[in-house]
Amino acid sequence: MTTEALSASSSRLLEGPHGAKPKKLTISRIGVYAFLVLAALFFLMPLWVMVVTSLKGMPEIQMRNLFAWPSELTFEPWIKAWDTACTGRDCNGLKPGFWNSVKITAVGTVFSIVIAAMNGYALSFWRYKGANILFGLLLFGAFVPYQVVIYPLILAFRQVGLFGTFPAIIIVHTIFGMPILTLLFRNFFVSLPPELFKAARVDGAGFWQIFFQIMLPMSVPIAIVAVILQVTGIWNDFLFGTVFAGRENMPMTVQLNNIVQTTTGVREYNVHMAATILTAAVPLAVYFISGKWFVRGIAAGAVKG
Amino acid sequence: MTEVASANPTASIQADGRAKRGRLRLSTVMSVVGTTPMIVTAIGVFVICIIYSFLLSFTNSKLFPAFDFIGTDQYARLWATPRWLVSANNLWIFGLLSIGANMVVGYLLAVFMDQRIRQEDLFRSIFLYPFAMSLVITGLVWRWILDPNYGLQATVQGWGFTDFQFAPLVDSNTAIYGLVVAGIWNGVGVTMAIMLAGLRGVDGEIWKAAKIDGIPTWKTYLQIVLPMMRGAILTAFILQCVGVVRVFDLVVAMTQGGPGIATQMPAIFVIQHITDRANVGLGMAAATMMLLPVVVLLSLQQFIQWRANKKRMNAL
Amino acid sequence: MQHSVSIRDLSLNFGNVKVLQHLDLDIAQGEFIVLLGPSGCGKSTLLNCIAGLLDVSEGQIFIGGKNVTWEEPKDRGIGMVFQSYALYPQMTVERNLSFGLRVAGMKKDEIDKRVQRASEILQIGPLLQRKPVELSGGQRQRVAIGRALVRDVDVFLFDEPLSNLDAKLRSDLRVEIKRLHQRLKNTMIYVTHDQIEALTLADRIAIMKNGVIQQLSDPHTIYNKPVNLYVAGFIGSPSMNFLQGQLHGGAQPTFVADDGTSITTGKYDFAVAPAGVTKAVLGVRPEHIVIGEAARSMPFSAEVEIEIVEPMGSDTLAWTKIAGHQVTFRADSDVHLEVGQKLLVGFDPARGSIFNSETTNRL
């Protein structure tokens, strides 16, 4: 409040409190921040530990100072994790796993999203008899423990000679990404004004034309959410990579675990942590770049049942 | 949030009309063609594969599927196998503790985040980033932190608290709690995000009404807002349940089921029996048991929704 | 003199945005005040400030003679009814009514007595054990009013309470609120954007725009003697016709429209006797324009051609041009009007309003 305004108005005011209530820094306010900061420290602690451990030499690690910043910085563990760390007899580091994961994630994401978009479109505008039952089954699939269907899938892939190959892991990711992604696209298309579809029909557009020329260009926002969901999901997958990918296409997470669990001599914690950060780098980058979209993706992923 | 948006009415009318006329239109054919992957997945994977697994659980399959039915022998054997009993028991302990802690801490965090704090986005990012990472990574990091010789315990002891004991993973009685801590670290952010969205979804005038009624803030959160968030709570809960039943990567990375078989989980049990242990029949019996709680939960949820709908219909 | 509610030099800023600017408002005991304006004019904000749900930036608020500027909402002696009803969905109607009293630690029999009285007044007795989802919109709003009633306060605040209801229910509940006010004789402050609600309910209406009260008067004055162009255009449906022109002062002031049409102002009651030539706007309400023989006796009349006819049931709205400006007028629905038809229309400028074009204020 400026003094000018005060003097101009004060003549009309009576005795007693006026203006804004004086703000007090209350105990509860301090408590709120104290709680949040403590919680934040708990959540950040492992990240900190990962980083500092990966920058220490083994002698310093054995000094039992988990949280301390390294007295002598070394990037040796990072190089070793990427290039020469051993899984069993192979000593090529994480690098092959990284490129495998890149391939699987890129192809798997595109495949699963295109198929899911088509499903969502057909389920919203061209529902044939029984389509809703199929959709219900698909939603049920979102909750089924993978272990229940893995074995028959293994058998099926063996039958056609695809077990342990690149196509197998792509198909598996497409199958298990389908329930959520289809739901995502279906809910998006259903929320569009139905007049849009009717207008296109009146203009004489058919099934594929409406999909490619009207609906697909409109679904960019939801496609972004889907990409975030799939990139992080496929990259972070461990189970399917172990079972279906085979040695040639082993994704990064599986290789990371193998490196860490390979016990020959001293456990190189610094290398392990460097490898862990390297593996986490891609989804973390996606998370920090996408920001609010990621949260939206989770919320969308949570819209089940 | 839990309700799937209602279907486009015009489209369904058209679809029905077409079906009744019994004439197969080109567009219907195209729709079926376009959704072939979905048809194959829904029926091939989520029906046939499940039935196949279910059938195998009544057979004596070892390394390969064999259809010599032996009734419920595999189930009897399963419930006499210590490794499975430990797994099932662990699932309960892990599930109850981690879901309980997750919901309580998630709601608390959401409430604190709702206090018009500064830097809300920063806090949200911090609480949520673990979820972006693989559970394998979560497991490995926490394994290192909980390392008895060089980790947290050793460090705190090094600060002079020589009595400090915190290395749950090495003791078969406490290893499961280590898993719970790591699981909460990974997943509580999501619960918080869902709950916060639920809190923000509450009509602002409810808060005004409560203020005029003179109801203290904590009481408003507990007695008015919390019951209004049924949707968000249910969503978070189901998400947690699905995660718990599936828990695999975390255990493999953190304890590999050990020490001994102390942290065995059903998901690992099944994978082990269809691969290394070559006992498919037993593995499939275990898999069927895993499906059971999911089916029960889903039916329960459907029932609750059905009842709520009916109540609403009655009121109108 | 003690006012029921007094607002002195009230301002509210959100950062640099001035939402309310130096408002003064005195409300008498038992008065029904309606705050009326388009969305974003600050009317709901003002109500929230009175309720204590928003902290004011400057100024004071008195309720029942007590300075409540810094008081908590519950201690201000107010009850409030919201647009979305804001009933606690998990509680029965009875608990909704009593929850605040219970939290305040009131004795059980006193609570029962108050709930009993409120449910009698509002006739919601049979609904007491139901939950809000099991009530219709009108019933919910009645419960919401009940929640304000049990607080046994002198001042009721209504924040667009009828906006979520359909037209039929809205007019029913409007009458009921009026009846309630006549029975309880509480001070009521009522926010709405619906001018019919304002005109029918209010003892006085405060018309707001951009955080400033434009005019505070009884409905009759607001309708017939709007203080400026804004109020004149806002109130009335269909809205007032405006003719642009100049006002020539003198013993008998004359309004000269843009196209040269001269209209003597006759018995028009000028606030200040005009002198010289002023750019001005002459406003005439559609229902003050008469046709046929009646027009002949009016101080101003002219022959016009009808351009559009809109039958409204109770009457008919016709569009035409007077002095080069688009004008609408109401005619009895029995009168047959046709497009292209020429007829004589007339009005008495004394019943109209003349505004200064520059200041937009009434002359």
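Definitions and cut-offs
- Residues numbered from 1 in each chain as written.
- Chains lettered and ligands numbered in written order.
- Predicted model: local features only at pLDDT ≥ 70, side-chain atom pairs only at ≥ 80, totals over all residues.
- Helix = DSSP H or I, 4+ residues; strand = E, 2+ residues; numbered from the N terminus.
- Buried ≥ 20, exposed ≤ 12 C-beta atoms within 10 Å, placed from the backbone.
- Contact = placed C-beta atoms within 7 Å.
- Domains from an automatic or database assignment.
- Nonpolar A, V, L, I, M, F, W, Y, C, P; charged D, E, K, R; others polar.
- Pairing = 2+ DSSP bridges.
- Axes fitted to C-alpha atoms, helices over the stretch in contact; angles between N-to-C directions.
- Parallel < 35°, antiparallel > 145°, perpendicular 65-115°, else oblique.
- Left-handed = near helix turned anticlockwise from the far one by under 90°.
- Expected span 1.5 Å × (residues − 1).
- Bend = angle between axes of the 7 residues up to and from the residue.
- UniProt positions renumbered as here; feature names shortened; annotations may be inferred.
- Arc of directions from axis to C-beta.
- Core = buried A, V, L, I, M, F, W, Y, C linked by C-beta atoms within 7 Å.
- pLDDT = per-residue confidence, 0-100.

A few words now on the overall build of chain C. Looking only at helices and strands, chain C features 9 helices and 21 strands. A principal-axis box enclosing the C-alpha atoms of chain C has dimensions of 75 × 45 × 35 Å. Split into buried and exposed, the 363 residues of chain C put 44% on the buried side. Considering only intrachain contacts with a sequence separation of at least 6, the fraction spanning at least 24 residues in chain C is 66%.

Moving on to the overall build of chain A. The helix and strand tally for chain A stands at 15 helices and 0 strands. Taken over the C-alpha atoms alone, chain A extends approximately 90 × 75 × 30 Å along its principal axes. A separation of at least 24 residues holds for 75% of the contacts in chain A among residues at least 6 apart in sequence.

Time to look at the domain arrangement of chain A. Residues and elements named next belong to chain A. In terms of domains, chain A is made up of domain 1 (28-74) and domain 2 (95-302). Just the C-alpha atoms count here: the centres of domain 1 and domain 2 sit 34 Å apart. Every contact between the two is made by 8 residues of domain 1 and, on the other side, 8 residues of domain 2. Contributions of two or more residues to the side of domain 1 that touches domain 2 are made by α2 (27-54) and α3 (58-61). If you tally residues by element for the side of domain 1 that touches domain 2, the top one is α2, at 4 residues. Classifying every residue of the side of domain 1 that touches domain 2 by side-chain character gives 4 nonpolar, 3 polar and 1 charged.

This paragraph deals with the interface of chain A and chain B. Often the size quoted for an interface is simply the accessible area lost on bringing the parts together. Taken together, the 78 residues of chain A in the interface contact 84 residues of chain B. The biggest single contributor to the side of chain A that touches chain B is α2(A), with 11 residues. Among the residues making up the side of chain A that touches chain B, the classes are represented as 54 nonpolar, 19 polar and 5 charged.

All names here are of chain C. The pairing of strand β3 (residues 32-36) with strand β9 (residues 204-209) spans 4 bridges and is parallel. In the strand pairing of β9, Ile33 is matched with Arg204. By the bridge criterion, 5 bridges tie β9 to strand β10 (residues 212-217) in an arrangement that is antiparallel. Paired with Met208 across the strands is Ile213, a residue of β10. Here β9 hands over to β10 after 2 residues, with Asn210 in that stretch at a positive phi of 50°.

Each side of the interface is counted separately: chain C has 13 residues, and chain A has 11 residues. Looking at the side of chain C that touches chain A, the elements that each hand over two or more residues are β1 (5-14), β2 (17-27) and β4 (58-63) of chain C. With 3 residues, β4(C) is the single largest residue contributor to the side of chain C that touches chain A. In terms of residue class, the side of chain C that touches chain A is made up of 2 nonpolar, 6 polar and 5 charged.

The subject of this paragraph is the packing of helix α2 (residues 93-103) of chain C against helix α3 (residues 108-122) of chain C. All names here are of chain C. Interhelical geometry of α2 versus α3 gives an angle of 140° and a closest axis separation of 10 Å. In terms of orientation, α2 and α3 fall into the oblique class. For the crossing formed where α2 meets α3, the hand is right-handed. Within the contact between the two elements, α2 uses Glu94, Leu97, Ser98, Leu101 and Arg102 and α3 uses Ile111, Arg114, Val115 and Ala118. Considering only residue class, the contact of α2 with α3 consists of 5 nonpolar, 1 polar and 3 charged.

To summarise the sheet geometry, strands pair through backbone hydrogen bonds and adopt either a parallel or an antiparallel arrangement. All names here are of chain C. The 4 strands lie next to each other as β2-β1-β4-β5, forming an open sheet whose pairing is antiparallel. The open sheet has two edge strands, β2 and β5 (66-67), and neither has a second partner. Sheet topology note: the β1/β2 ladder contains 7 bridges and is antiparallel. Bridge pairing in β2 links Leu12 to Leu20.

What follows concerns helix α9 (residues 175-201) of chain B. Residues and elements named next belong to chain B. Its 27 residues give α9 an end-to-end C-alpha distance of 39 Å, which sits within 8% of 39 Å, the value for a rise of 1.5 Å per residue. Taking the largest bend as the criterion, α9 deviates by roughly 45°, centred on Gly187. Counting buried residues along α9, 22 of its 27 residues qualify, which places the element largely inside the surrounding structure.

Another aspect to go through is the UniProt feature "domain: ABC transporter" (unreviewed entry) in chain C. Those residues carrying the UniProt feature "domain: ABC transporter" (unreviewed entry) are residues 5-235 of chain C in this numbering. With 37% helix and 26% strand, the stretch residues 5-235 of chain C has end C-alpha atoms that lie 26 Å from each other.

Below, the discussion takes up the domain arrangement of chain C. All names here are of chain C. Domain boundaries in chain C define domain 1 (5-233) and domain 2 (234-356). Here the C-alpha centroids of domain 1 and domain 2 sit 38 Å apart. Listed per partner, the contact involves 12 residues of domain 1 and 9 residues of domain 2. Contributions of two or more residues to the side of domain 1 that touches domain 2 are made by α7 (219-224) and α8 (229-234). It is α8 that provides the largest number of residues to the side of domain 1 that touches domain 2, a total of 5 residues. Its residues assigned to classes, the side of domain 1 that touches domain 2 shows 8 nonpolar, 3 polar and 1 charged.

What follows is about the sheet that holds strand β21 (residues 353-356) of chain C. All names here are of chain C. Read from one edge to the other, the open sheet built from 5 strands follows the order β13-β12-β11-β14-β21, with strand pairing classed as antiparallel. The open sheet has two free edges, formed respectively by β13 (262-264) and β21, since each of these has just one partner strand. Along the sheet, successive strands turn relative to each other by an average axial angle of 35°, direction set aside. Sheet analysis places strand β14 (residues 277-284) next to β21, joined by 4 bridges and oriented antiparallel. Within β21, the residue paired with Ala280 across the bridge is Asn356.

Once that is clear, we can look at helix α11 (residues 217-228) of chain B. Residue and element names in this part refer to chain B. Over its 12 residues, α11 runs 15 Å from end to end, which matches the ideal 16 Å to within 8%, given 1.5 Å per residue. Residues of α11 that are buried: Thr220, Tyr221, Ile224 and Val225. Taken around the axis of α11, the buried residues stretch over an arc of 130°, which confines them to a single face. Packed against the buried residues of α11 are α5 (82-113), α9 and α10 (204-212).

All names here are of chain A. Residues given the UniProt feature "transmembrane region" (unreviewed entry) here are residues 30-51, 104-126, 133-154, 160-185, 206-229 and 271-289. Across residues 160-185, helical content stands at 77% and strand content at 0%; the span's end C-alpha atoms are separated by 31 Å. Secondary structure content for residues 206-229 is 92% helix and 0% strand, and the end C-alpha separation is 30 Å.

Okay, the nonpolar core next. One finds Ala286(B), Leu35(C), Leu157(C) and Ile189(C) to be the most contacted residues of the largest nonpolar core, which totals 277 residues. Non-local contacts of Ile189(C), meaning those with residues more than four positions away in its chain, are made with Val5(C), Ile27(C), Ile33(C), Leu35(C), Leu47(C), Ile50(C), Val155(C) and Leu157(C).

With that settled, the discussion passes to the environment of His220(C). Within the secondary structure layout, His220(C) lies in helix α7. C-alpha of His220(C) to C-alpha of Ile50(C): the two residues are 170 residues apart in sequence and 26 Å apart in space.

The residue after Ser237(C), namely Pro238(C), is reached through a cis peptide bond having omega 0°. Inspection of the secondary structure puts Pro238(C) in the loop between α8 and β11 (241-248). Phi angles above zero are rare outside glycine, and Gln256(B) is one such case at about 50°. The exposure class of Gln256(B) is partly exposed, given the 15 C-beta atoms found within 10 Å. The backbone phi angle of Asp9(C) is positive, close to 50°, even though this residue is not glycine.

Residue and element names in this part refer to chain C. The sheet contact formed by strand β17 (residues 308-311) and strand β18 (residues 315-322) spans 4 bridges and is antiparallel. By the bridge assignment for β18, Pro311 is matched with Thr316. Where β18 meets strand β19 (residues 325-332), 8 bridges bridge the pair, whose relative direction is antiparallel. Bridge assignment links Thr320 to a residue of β19, and that residue is Val327.

Put simply, chain C has an average pLDDT of 91, and 100% of its residues get 70 or more. Reported for the predicted complex are a pTM of 0.85 and an ipTM of 0.86.

What follows covers the environment of Ile289(C). All names here are of chain C. Its place among the elements puts Ile289 in the loop between β14 and β15 (290-291). Considered as a pair, Ile289 and Arg330 are 41 residues apart in the sequence and their alpha carbons are 7.2 Å apart. When neighbours within four sequence positions are excluded, Ile289 is seen to be in contact with Val284, Phe329, Val345 and Phe347.

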